[in-house]
Amino acid sequence: MGEEDQQQNGGNNSNNNANISEDEQAAREARAEKVRQRREEMKTRAESNNSNAADFSNEPSQQQQSRSAPSSSDSNSNSQPTPAPAKLREDLVASSVNFLNHPKVKPSPLTQKTSFLQKKGLTQEEINEAFRRVGESSPSDSSSQGNRNQSNGGYVNSPSSQQNQPYYPPQQQQQQVYRPPPPQQLPPPPPQWYHTGSGLALIALGCVGLGAGVSALAKTVLPYLTGENVAREEKRRRKKAKEEEKQANDAKTMSEMMNSIKSLQEKNDSLQENLRNILQSQNEKQREAPESMSKTDKARLRETEAELKRLRAVLVDKNVSGSLSTSQSWTPQKDSKPSLPAWQMASSSTPKVEEPSSPKTEKVEKEESRIEEIPEEKETAPVVAPPDEPVNSSKFEEVMNMVKSGKIPDDVRNIDDKPRDTDAKIEKGAREPRQKPWERKNDSN
Amino acid sequence: QHLSLLFIFFTDLDEMGLFKTPFSGYSVKFSPFEENRLAVATAQHFGIIGNGRLHILDSRNGGAFIREINSFETKDGLYDVAWSEENENIIVGASGDGSVKIWDIGRMGPDSKFPIRSYEEHTCEVYSVDWNPVHKKTFLSGSWDESVKLWDPMAGAGSIRTFKEHRYCIYSTVWSPHHPDRFASASGDRTIKIWDVKSPHSGNTILAHDHEVLTCDWNKYNENILVSGSVDKSIRIWDIRNTQRELGMLKGHNYAVRRVKCSPHSENIVASCSYDLTLALWDTNDNNPLQRRYDHHTEFVVGLDFNLFIEGEMASCSWDETVMVWNGRE
């Protein structure tokens, strides 16, 4: 067939984008078509899901500038050009460096650290780079030939020149303006009844017509009355002072609580960010968040969710007790409701992970909406992939389009895989074949 | 700051072992000699176009620790791989350029990374290879050129037989574990054919599915039972003595079933993987046959195999460029 002939001609045409024969193009398209057929089913379903996902992508418009650069670019993943498939992912490398530099991680054996990073989805080059930056030599720098092949095959090891800043920005807290409560309006003073009292007294005086006796009576009554009023006024003043003091104290405790809430939220946010990084690194492509996670990722997700839940419970408790006394003095900020990032709510194709997180979110949101005034760093969610759509769909489309237009991707190499030493005999091996489990069982019968 | 990262690092106990491949995974097979060894066939760019690579992996501790011990590159993508049943170092790969290649993974020297054979007879992508587990001397290849070929690598330069009856791509060819001359082929023409190598014509044609049949496998404990999976999302169980109607159907996948495997340790356990990104474990004796669901992949799951020597251990590979090994019994 034409395809084979082309390749046996020294593969001149294999890596050019021009001058492929019709046969070769037809063969490529035929294969692409077959591969594509299954994909079509996914695409139509994903498209019907896309309209549902649109809500999430519109949500986090406000707080976008407060987010670190990589995240905001993630949230626009549709418009983001897909980078060349094989450069080092700076975000992963940087977070690996942070990880490796941690005092608790440093003493761990190299192999354990390496295998951990491998499991997180880093390529060998990325792991090596991370180790290099940390100043250690990775165990795989002097690797076997196999590893070197792996690093050469199909990969161009050019570290990204664009994203040089580490992925983890210094923890940016939103500078929440904390305004002490405006001084409370004094309640309108109670009616000055001693005036009416004295009026009454005067009237009584006039009515009775008694002279000095009544005035003497009035004279004795008056100081008594004013004395009491003074006492009452004093009491009132004291009460006012106490209230003000109390409010100052409340304000102080509120500010303390605010600080602790803030730090809890920061912790919360960093946890979520870490979680997102981990999950993203599992996918390896820079796109929508994963919707289907490994068992371990799910376990981690559950653990992190449990921690988040605990944090939120703490937040809620603190806020509920705080609001009872000062709610009327706060200006509610209606937009800043705490929420799980949209990707977390919508992620995962399996009900097991998805369902628990949504009702949980709703419940927590209800409780915290009572304390709307809590300033919250809004989670900017990356654009959510519709459930059940594989993460690499856009890459797939890209490759399909390339093939249709007669091009091939840059990272396809002209590999010589012609057999060598074809006279070498193929023989029985040194080891005897092992019995199959069913053969064993049948024998015992 | 990186509390959660560390937290996970130090409590990584129920780990599912993972190996990252640079290319899309297409097939994973455990070695019939070595319980810690498995081979993975991969193809670049989802197998649409590009190079291929064969990985030889070593997996320990129930799959918690996987490392590569060798790898081989090919010009075109590799769609399937089969270990020799007679020589622990011989391995066959099915290539997108229509060739069937044999490597000796124990070779040393400057040419050790090249195949020792490349059979170029198929005129389309070779999608399936399977080595005979009974006589152990021959292997089959199934191709999109609608033919199945029989090969004896010790005998000579070319195929021994060509079986051409299917009307569309062949996706899977599988030897019976009970009869040395019997095999089944699954095709895009919606049928499964049962063959005896001694005859050029199939012995039986099963109108198996409502859509392309992508996979089939024999029951290891009942020589008459065959299981098939299809684009129609169903898995069907057949008695080859009476193929008018299936014995049963396993439903649960949401997209095409890409591979089915009958357990080597149990008569009624079947595993399947699908384009719905999941794997499933079924018990055909159960009224509710679906036992477990695995969703650790984020792309089409294309490869699946049971470990012959560690009961319950399984491996899967996917277009998400990961290979996972785990034990389904835990």
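Residues numbered from 1 in each chain as written. Chains lettered and ligands numbered in written order. Predicted model: local features only at pLDDT ≥ 70, side-chain atom pairs only at ≥ 80, totals over all residues. Heavy atoms only, no water.

S.K.: Is there a simple way to explain the overall build of chain B in this structure?
M.R.: When its secondary structure is counted, chain B shows one helix and 28 strands. Once local pairs closer than 6 in sequence are excluded, the contacts in chain B between residues at least 24 apart make up 46%. Accessible surface computed for chain B: about 9800 Å², of which carbon and sulfur atoms make up 45%. (Helix = DSSP H or I, 4+ residues; strand = E, 2+ residues; numbered from the N terminus. Contact = heavy atoms within 4.5 Å. Areas by Shrake-Rupley, 256 points an atom, 1.4 Å probe, with all protein chains shown as cover.)

S.K.: What should I look at first to understand the overall build of chain A in this one?
M.R.: In terms of helices and strands, chain A carries 14 helices and zero strands. In sequence order, chain A lays out its α and β elements as α-α-α-α-α-α-α-α-α-α-α-α-α-α. Taking all 445 residues of chain A together, 44% fall into the buried category. Sequence separation of 24 or more characterises 82% of the internal contacts of chain A that already satisfy a separation of 6 or more. (Buried < 20%, exposed > 50% of the residue type's maximum accessible area, 1.4 Å probe, protein only.)

S.K.: How should the side chain of H166 of chain B be read in this particular structure?
M.R.: Residues and elements named next belong to chain B. In this structure, H166 sits in the loop between β13 (161-164) and β14 (170-175). There is a polar contact of 2.9 Å between the side chain of H166 and the side chain of D189. Within polar-contact distance, the side chain of H166 engages the side chain of T191 at 3.3 Å. (Polar contact = N/O pair within 3.5 Å; in protein donor to acceptor, adjacent residues only side chain to side chain.)

S.K.: Before we go on, may I ask you to explain the environment of L214 of chain B in this structure?
M.R.: Residues and elements named next belong to chain B. Of note, L214 is situated in strand β18 (residues 213-218). Exposure remark for L214: the relative accessible area of 3% places this residue in the buried category. Spatially, the C-alpha atoms of L214 and S187 are 6.5 Å apart, while their sequence positions differ by 27 residues.

S.K.: Explain the nonpolar core here, please?
M.R.: Soluble globular proteins tend to pack their nonpolar side chains together in the buried interior. Membership of the largest hydrophobic core comes to 27 residues, with the highest contact counts inside it found for F396 of chain A together with Y26, I48 and W319 of chain B. Going through the elements one at a time, α2 (22-58) and α13 (393-404) of chain A are the ones with two or more residues in this core. If you tally residues by element for this core, the top one is α13 of chain A, at four residues. Non-local contacts of I48 of chain B, meaning those with residues more than four positions away in its chain, are made with R31, A32, V35, F396, V399, M400 and V403 of chain A. Of all hydrophobic cores here, the second largest spans 14 residues; its members include V92, A94, I102 and V126 of chain B. (Core = buried A, V, L, I, M, F, W, Y, C linked by side-chain atoms within 4.5 Å.)

S.K.: For this particular structure, what's the right way to read empty space enclosed by the protein?
M.R.: To locate leftover empty space, one rolls a probe as large as a water molecule over the atoms. Residues and elements named next belong to chain B. For the structure on display, the rule yields 18 cavities of 30 Å³ or more. Volume-wise, the largest cavity comes out at about 560 Å³. The wall of the largest cavity is formed by 35 residues, among which K29, D130, D217, K261 and D305 lie closest to the centre. Going through the elements one at a time, β2 (24-30), β6 (78-83), β10 (126-131), β14, β18, β22 (257-262) and β26 (301-306) are the ones with two or more residues in the lining of the largest cavity. Classifying every residue of the lining of the largest cavity gives 20 nonpolar, four polar and eleven charged. (1 Å grid on protein atoms, 1.4 Å probe; cavity = no way out; pocket = protein on both sides within 12 Å on 5 of 7 lines; lining within 4 Å. Points joined across faces, edges and corners; volume = space filled by probe spheres on them. Nonpolar A, V, L, I, M, F, W, Y, C, P; charged D, E, K, R; others polar.)

S.K.: Would you take a moment to explain the sheet that holds strand β4 (residues 52-60) of chain B for this structure?
M.R.: Two orientations exist for strands paired in a sheet by backbone hydrogen bonds: parallel and antiparallel. Residues and elements named next belong to chain B. Pairing is antiparallel across the open sheet formed by four strands, whose spatial order is β2-β3-β4-β5. One side of each edge strand has no neighbouring strand; the edge strands of this open sheet are β2 and β5 (65-74). Neighbouring strand axes in the sheet, compared pairwise and without regard to direction, differ in orientation by 25° on average. Sheet analysis places β2 next to strand β3 (residues 37-43), joined by six bridges and oriented antiparallel. Residue pairing for β3: K29 is matched across the bridge by A39. (Pairing = 2+ DSSP bridges. Axes fitted to C-alpha atoms, helices over the stretch in contact; angles between N-to-C directions.)

S.K.: Help me out: how do you make sense of the environment of S27 of chain B in this one?
M.R.: Residues and elements named next belong to chain B. Tracing the chain through its elements places S27 in strand β2. Note: C-alpha distance between S27 and Y79 (52 residues apart in sequence) is 6.5 Å. Apart from the residues lying within four places of it in its own chain, the contact partners of S27 are A39, V40, A41, Y79, D80, V81, R259, G303 and C317. A polar contact is formed between the side chain of S27 and the side chain of D80, at a distance of 2.6 Å.

S.K.: Would you mind going over helix α4 (residues 90-101) of chain A with me for this structure?
M.R.: Along an α-helix, a turn takes 3.6 residues, which lines up residues three or four apart on a common side. Residues and elements named next belong to chain A. For α4, which comprises twelve residues, the first-to-last C-alpha distance of 16 Å matches the rise-based estimate of 16 Å (1.5 Å per residue) to within 8%. Within α4, nine of the twelve residues are buried, leaving the element largely enclosed by the surrounding structure. When α4 is considered as a whole, its buried residues turn out to be E90, L92, V93, A94, S95, S96, V97, F99 and L100. (Expected span 1.5 Å × (residues − 1).)

S.K.: I would appreciate a short explanation of the side chain of S24 of chain B in the present structure.
M.R.: As for its position among the elements, S24 of chain B is in strand β2. There is a polar contact of 3.0 Å between the side chain of S24 of chain B and the backbone nitrogen of F46 of chain B.

S.K.: Would you mind showing me how to read the confidence of the model for chain B here?
M.R.: Regions with low pLDDT carry predicted coordinates that are not meant to be interpreted in detail. Residues and elements named next belong to chain B. When the pLDDT values of chain B are averaged, the result is 93; 95% of them are 70 or greater. Taken together, the stretch residues 1-14 has pLDDT below 50 and engages in 30 contacts with residues farther than four places along the chain or on a different chain. For this predicted complex, the interface confidence score (ipTM) comes to 0.90, while the overall pTM stands at 0.57. (pLDDT = per-residue confidence, 0-100.)

S.K.: Please clarify how the packing of aromatic side chains should be interpreted in this entry.
M.R.: Each aromatic ring pair is specified by the distance between its two centres and by the angle formed by the two planes. All chains considered together, the criterion is met by 23 aromatic pairs over all chains. Arranged with centres 5.8 Å apart and planes meeting at 20°, the rings of F396 of chain A and W319 of chain B form a pair that is stacked. Placement of F396 of chain A in helix α13 and of W319 of chain B in the loop between β27 (313-318) and β28 (322-327) is noted, with the two residues assigned to different chains. For the residue pair F396 of chain A and W319 of chain B, the accessibility class agrees, reading buried in each case. On the basis of an interplanar angle of 70° and a centroid distance of 5.7 Å, the ring pair of W175 of chain B and F183 of chain B is categorised as edge-to-face. Residue classification places W175 of chain B among the buried positions, given a relative accessible area of 3%. By relative accessible area, F183 of chain B is classed as buried at 0%. The rings of F396 of chain A together with Y26, F46, Y79, Y127, W144, Y171, Y275, F300 and W319 of chain B are connected pair by pair, giving a single aromatic cluster. Here R420 of chain A stacks its cationic end above the ring of F114 of chain B, 3.7 Å away from the centre of that ring. The ring centre of W438 of chain A lies 6.0 Å from the NZ or CZ of K220 of chain B, which sits over that ring. (Phe/Tyr/Trp six-rings, centres within 6.5 Å; stacked < 30°, edge-to-face > 60°. Lys NZ or Arg CZ within 6 Å of the ring centre and 35° of its normal.)

S.K.: Can you help me understand the sheet that holds strand β20 (residues 235-239) of chain B in this one?
M.R.: Residue and element names in this part refer to chain B. Judged by pairing direction, the sheet is antiparallel, and its four strands sit side by side in the order β18-β19-β20-β21 without closing on themselves. With partners counted over all chains shown, the strands left at the sheet margins are β18 and β21 (248-250), one partner each. The sheet shows a mean angle of 25° between the axes of neighbouring strands, direction not considered. Note: β18 against strand β19 (residues 225-230), five bridges, orientation antiparallel. For T215, the partnering residue across the bridge sits in β19 and is G229.

S.K.: Can you help me understand the pattern of salt bridges in this one?
M.R.: Applying the stated criterion across every chain yields a total of 35 salt bridges over all chains. For D239 of chain B, the salt bridge identified is with R241 of chain B, shortest N-O distance 2.7 Å. Residue D239 of chain B is classed as buried on the basis of its relative accessible area, which comes to 11%. Overlapping salt bridges bring together E90, E129, R132 and R133 of chain A as one network. (Salt bridge = Lys/Arg side-chain N within 4 Å of Asp/Glu carboxyl O.)

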